[in-house]
Amino acid sequence: MNGEEGVVNGGQVPTTNGRVVKPPLIGRDDKDTTAYKYDLAPADFPPPPEHDEADFEVTVPPEDIVLSALACNTLDWCQRIDYSTTTPLYEFQTFPFVIPTEWILGAMTVGVFGLFVVSYYALTVISRDCGTPRMIQIATYIRQGSEKFLVTEYTYLFGAVAAITIILVFINTVDGVVEWRLGVCYLIGALLSGITGYIGMSIATRGNVRTTAASEQGLSLGLNVAFRSGAVMGLSVVSIGLTGLGLCYLAFGDVRALAGFSAGASTIALFARVGGGIYTKAADVGADLVGKVEASIPEDDPRNPATIADNVGDNVGDVAGMGADLFESFVGSIIATAILGATLPYFYENPFAMCVYQHLNIDLACGSSDPPFNTSFANSICSTDDFYLNYPSLGRLEGQGLFILLPFALAMVGVAASALCTQKIFYFGGEVKDKAKTMSKLLQALNISIFLASFLIFCAAFGLTFGLFGGPSAFLDNSGFGFSSLPYYAIQTGDNMCEPRLDNPDLPLGSFRIGYYRPTDAIGFLFPVPLGVWARLFGCIVIGLLLGIFIGEITQFFTSGNSTPTQGIAASGEYGAGAVVIQGLGVGMASAVLPLFLVFGSILGTYALFSSYGIGLAAVGMLSSLGITMATDAYGPVADNAGGIAEMAELPPHVRDTTDALDALGNTTAAIGKGFSNGSAVLTAYALLTALIQDSGLMPGPVSLVADPPGSEPENFVYFTDPISLDDVYVITSLLLGIMLPFLFGALTMLAVSSAAEAMIVEVRRQFREVKGLREGKPGVRPEHEKCIAISTQSALWEMVLPGIIAIMSPLIIGFGFGQRALVGLLLGAIGSGYMLGIMMSNAGGAWDNAKKLVESGFFGKVNSKGSEWHKATVAGDTVGDPFKDTSGPSMNILIKMMTVFGLVFVPKMTVGLEQGWIGLVLGGATLLVAAFFTYLKIRSGARLAKEARKKTTDDDEGAPLVAPDAESPFVEAGTTVPLSRVNRKSALYSDNDAGDVVNLSDVMTGTREVVDELENADDLDEARGVGVDPSKKDD
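Residues numbered from 1 in each chain as written. Predicted model: local features only at pLDDT ≥ 70, side-chain atom pairs only at ≥ 80, totals over all residues. Heavy atoms only, no water.

**Comments concerning the overall build of the chain**
A count of helical and extended segments in the chain gives 28 helices and 10 strands. Within the chain, the fraction of its 1036 residues that count as buried is 62%. Put simply, the chain shows about 37100 Å² of open surface, and 61% of that area lies on carbon and sulfur atoms. (Helix = DSSP H or I, 4+ residues; strand = E, 2+ residues; numbered from the N terminus. Buried < 20%, exposed > 50% of the residue type's maximum accessible area, 1.4 Å probe, protein only. Areas by Shrake-Rupley, 256 points an atom, 1.4 Å probe, with all protein chains shown as cover.)

Following this line, the structure appears as structure tokens:
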């Protein structure tokens, strides 16, 4: 059993009290080259002396000395027992442990520090120049539309959240006592997730116009303004998540109730991602198909009514939606790892339980010691002559509490590293000349910061694991931890190994030995020698860090415009739209292979290192750099908006070139972020699934396996573990159902985008027909973008309901209807297929998008760029890819996490068998009725839209009714005033309004358009705007 154990002091057996026994050595075990056998009875090992309480005091880290003094001495928080170990609410019971208060407070302190950095970043972004009044006007439309959608969405969502909170509070009633902690944690998780998304979106909609203005002064400045705007979102996610999580744990003192926090965050994440994705892609698809294809106008052209809605969608989908998604992943990984850490067999002040787990492998191998009666060899060995007294009594920060604090501490150093590495992006590539080289330099600049943050986390993780579990730690001061000194009983090998001894029938054939503490858990995992624990935990963290980096590199290869796969998709545009779609699907499918192998290897490797806890710790390690990774992801929509503002404000070509380069980089970073999100989701979901299996009662808990008092029989036996077998018809059918669910979810979200896009297309066509001068761009005429924003808002809120209901109700229907085993089968199938489908859709969509931009850049010659048939073919591919990469694909990882965490929250109320089948039947029937109602409404709406869609863009098109045009557009605004201090001094506004204090937006818009109509080239356009004009020629 203990191949790494040995003999010390020349074969003398040290005991926990320092005295030495010299037993008769009866021979060396040929199969165990390092351990000796002794013919001893348990009584031959003298019991350890009583320890003073001071023996178990833990030195407080210097950085936490003030917090520790307040919390531990004044508030007496350092002796609080975790509530989850004292309540009968949970089926899986572990032994009491003390909350690691000072470490949780330390993590919260770093989280608050992160919020100060967020505030500083936000102020530096807001203080920058906003550009021309037209730019300010456009940015204001985008911000107002984003805020309106988010507030409306949250209003509906928090009504549902309040209802679920009430349900969670009142279903968790035990013996007349309402266990409210889980429900309140759910509410707080949802609130903080919503707040995080709103903060990120608020700064992104202010940073976009400032990025445009900064891009006029150079690529480096534009990059840093956009990145700092994204860094507000990234640091908000990790800082608010860590602070809120720590606050809930300290306030409620229940690590298991934190699952409610994760469930609340996942509720907001699902609807924010799905709703935002439907919003943005409805506007994007409508704008592209009518604007680019039918009306033959450029992307982001100010004449297109859907352009503002498209830019709004970038913020509500890719900033608020992705932020809520990764917020849930971040807190979910910490929660799952902490819950698993609370159940590890390193028990606080419980030597008998540690002794039983040291010998649990005997029960697993032999079963009952007295068949047909149920007994436990492990409990018999430890209770005989008080043998368990030779085992250590672990201190407050030496047992479970140590494993709980580790994910919090790792997240803490991740926040600090991200705050440091988001200060500035160092770009040395110069201005845009060669677009391929520029893209390579931009990616290199971002990667330097990401790799630096990962290196800092790597170093900090080494210090944490070695300091907490390695040489200088109190963890190794215990007997059998730092050196081979712990007596244990080992059974002999062979066919008769489980036969009882003649001299003691309570023991199987074997002998007592001296070695290390190496427990075995209920599923047979043999934990490592304590001397190697720190290295194994560090290895799990490193695997998680490397997994995130490798997945990012693979995603970059398959989606970047500089790589062969994307260039192949762009080249296929020569043969038409069908070839582009086929090539893109193939690339997306191929891109899922390598990430799956990496996740496959990571799960196997981390499990071999430290069981399921190692998998959860790898997820925390992967997400520890989320602050900077999310910053690069949120940077993308800011850069995209900046390009749209530059186009709509008719800025000089060099500004648009700069924003185009930033936008192309943003497409790649967004794809990398989605791959990162998918990879972290599957690790987090697996860790949550393990916690779910524990809470279900399918695995016996520590309290049920250890006799109380010693010498009695335990409540349960490890050989009665209730396995999940594929022979179970309910498990296999639920597994197949789980495989299907991501496809159903993807279909519903894709169809939702299609339906919303059809409504958008109808509205854009109507405005091009009915608004006089809109398509021609006549002075004073602007589109009625408010109607497009309203259509996207209503469609998104309406269409997100059905996918959301299915995601929430599916695990409840199966779990209550067919039992806990069937629920596990459902989740296993959903995790596997959802992960693969999410990667395929996200990467295919990103590759289609960059293939279109590659054609637009003139990669295949100017004759094949914008407006060509080649270009239209890639636009068709991008139209298919838009809902792939921004709606359905990213939603998959939220789906699998949400299903798992809702299963975790409700599984204690489910049964193993079919006893509660009627509940599942009621839930299933209600879900079908709701689905039928929404399907009926969609069919009616679709028929109406199909009729309207037959009307084309212009009156000259066949079948379009002639509409008498208005004499003048009713959408011309009188104009508002803007202080000159807000105006970019390089613009023509100063040359026309030198003497005034304010400028009139309508005059600027109308006057500029009248001049533009008479200009023939970009140089004249620059001169008309006053950009780059020699001051001496201004009067000319």
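**Description of the packing of aromatic side chains**
For the coordinates displayed, the defined rule picks out 42 aromatic pairs. Measuring from ring centre to ring centre gives 5.4 Å for Phe525 and Tyr607, while their planes differ by 70°; the resulting arrangement is edge-to-face. Residue Phe525 is found in the loop between strand E8 (510-515) and helix H13 (533-559), and its partner Tyr607 is found in helix H16 (residues 593-623); the two are separated by 82 residues along the sequence. The class for Tyr607 is partly exposed, based on a relative accessible area of 26%. Note on Trp848 and Phe884: the rings are 5.7 Å apart at their centroids and 70° apart in plane angle, and the pair reads as edge-to-face. One end of the pair, Trp848, is in helix H23 (residues 820-856); the other, Phe884, is in helix H24 (residues 869-906), with 36 residues separating them in the sequence. (Phe/Tyr/Trp six-rings, centres within 6.5 Å; stacked < 30°, edge-to-face > 60°.)

**Here's the deal with the pairing of E8**
Strand residues, when the strand is regular, have side chains that alternate between the two faces of the sheet. Burial within E8 is extensive, with 5 of its 6 residues counted as buried. Pairing of strand E7 (residues 486-491) with E8 involves 6 bridges; the strand directions are antiparallel. When the bridges of E8 are listed, Ala490 appears paired with Ser511. (Pairing = 2+ DSSP bridges.)

**Brief notes about the environment of Ile919**
As for its position among the elements, Ile919 is in helix H25 (residues 917-949). Through-space distance from the C-alpha of Ile919 to that of Phe816 is 6.0 Å; in sequence the pair is 103 residues apart.

**Side note on empty space enclosed by the protein**
Per the stated rule, a full pass over the model turns up 9 cavities of 30 Å³ or more. Taken as a whole, the largest cavity encloses approximately 290 Å³ of empty space. Taken together, 27 residues form the lining of the largest cavity, with Asp640, Asn667, Asp849, Lys885 and Asp886 sitting closest to its centre. In terms of residues, the lining of the largest cavity owes the most to one element, helix H18 (residues 653-696), which gives 6 residues. The calculated volume of the second largest cavity comes to roughly 240 Å³. Around the second largest cavity, the lining is made up of 20 residues, and of these Ile450, Gly548, Ile549, Gly552 and Ile672 lie nearest the centre. When residues of the lining of the second largest cavity are traced back to their parent elements, those giving at least two are helix H12 (435-469), H13, helix H17 (626-648) and H18. Sort the elements by how many residues they give to the lining of the second largest cavity and H13 lands first, with 7 residues. (1 Å grid on protein atoms, 1.4 Å probe; cavity = no way out; pocket = protein on both sides within 12 Å on 5 of 7 lines; lining within 4 Å. Points joined across faces, edges and corners; volume = space filled by probe spheres on them.)

**Concerning unusual backbone geometry**
Asp708 connects to Pro709 through a cis peptide bond whose omega is 5°. Along the chain, Pro709 turns up in the loop between helix H19 (702-705) and helix H20 (729-770). Even without glycine at this site, Glu349 takes up a positive phi of about 50°. Along the chain, Glu349 turns up in the loop between helix H7 (307-342) and helix H8 (351-358). At Asp386, a position not held by glycine, the phi torsion is positive, near 55°.

**What about the state of the cysteines?**
Under the criterion given, the structure shown has 1 disulfide. Considering cysteine sulfurs only, Cys248 is the nearest to Cys185, which forms no disulfide, with 4.4 Å between them. Accessibility expressed as a relative area gives 1% for Cys185, which makes it buried. (Disulfide = S-S within 2.5 Å.)

**Structural notes on helix H11 (residues 400-421)**
Over its 22 residues, H11 extends 33 Å from the first C-alpha to the last, a length consistent with the 32 Å expected when each residue adds 1.5 Å. The largest bend along H11 reaches roughly 25° and is located at Leu406, with the proline Pro407 sitting one to four residues downstream. (Expected span 1.5 Å × (residues − 1). Bend = angle between axes of the 7 residues up to and from the residue.)

**Here we look at the pattern of salt bridges**
Enumeration according to the criterion identifies 23 salt bridges in this entry. Salt-bridge contacts for Asp284 lead to Lys281; the nearest nitrogen and oxygen are separated by 2.8 Å. Taken together, the residues span about one helical turn, with Asp284 and Lys281 both in helix H6 (residues 258-294) at a distance of 3 residues. The same class applies to Asp284 and to Lys281, which are both buried. Of the charged contacts in the structure, one is a salt bridge between Lys885 and Asp849, with a shortest N-O distance of 3.5 Å. Taken together, the residues span a long stretch of sequence, with Lys885 in helix H24 and Asp849 in helix H23 at a distance of 36 residues. Overall, the relative accessible area of 6% leaves Asp849 in the buried class. Several salt bridges share partner residues, and in doing so they unite Lys281, Asp284, Asp849, Lys852, Asp878, Asp882, Lys885 and Asp886 into one network. (Salt bridge = Lys/Arg side-chain N within 4 Å of Asp/Glu carboxyl O.)

**Focus: the pairing of E7**
Among the 6 residues of E7, 6 are classified as buried, and the element is accordingly described as predominantly covered. Along E7, one buried face is formed by Leu486, Tyr488 and Ala490 and the opposite face, lined by Pro487, Tyr489 and Ile491, is buried too.

**Here's the deal with the environment of Lys424**
The residue Lys424 is located in the loop between H11 and H12 in this model. By relative accessible area, Lys424 is classed as partly exposed at 42%. Lys424 has contacts with Asn224 and Ser449, leaving out every residue within four places of it along the chain. (Contact = heavy atoms within 4.5 Å.)

**Focus on the packing of helix H4 (residues 181-215) against H17**
Interaxial distance between H4 and H17 falls to 8 Å at its minimum, and their mutual angle equals 55°. When the axis of H4 is compared with that of H17, the two are oblique. The two elements H4 and H17 cross, and the hand of that crossing is right-handed. Contact with H4, carried on its side by Ala204, Gly207, Asn208, Val209, Thr211 and Thr212, involves Val638, Asn641, Ala642, Ile645 and Ala646 of H17 and no other residues of that element. Broken down by class, the residue content of the contact of H4 with H17 amounts to 6 nonpolar, 5 polar and no charged. (Axes fitted to C-alpha atoms, helices over the stretch in contact; angles between N-to-C directions. Parallel < 35°, antiparallel > 145°, perpendicular 65-115°, else oblique. Left-handed = near helix turned anticlockwise from the far one by under 90°. Nonpolar A, V, L, I, M, F, W, Y, C, P; charged D, E, K, R; others polar.)

**Overview of the side chain of Ser888**
Here Ser888 is to be found in helix H24. Ser888 sits in the buried class, given a relative accessible area of 0%. Reaching out from Ser888, the side chain makes a polar contact with the backbone oxygen of Gly746 at a distance of 3.4 Å. Here Thr749 takes part through its side chain, which lies 2.6 Å from a polar atom of the side chain of Ser888. Residues contacting Ser888, with those up to four places away along its chain left out, are Gly746, Thr749, Met750, Met841 and Pro883. (Polar contact = N/O pair within 3.5 Å; in protein donor to acceptor, adjacent residues only side chain to side chain.)

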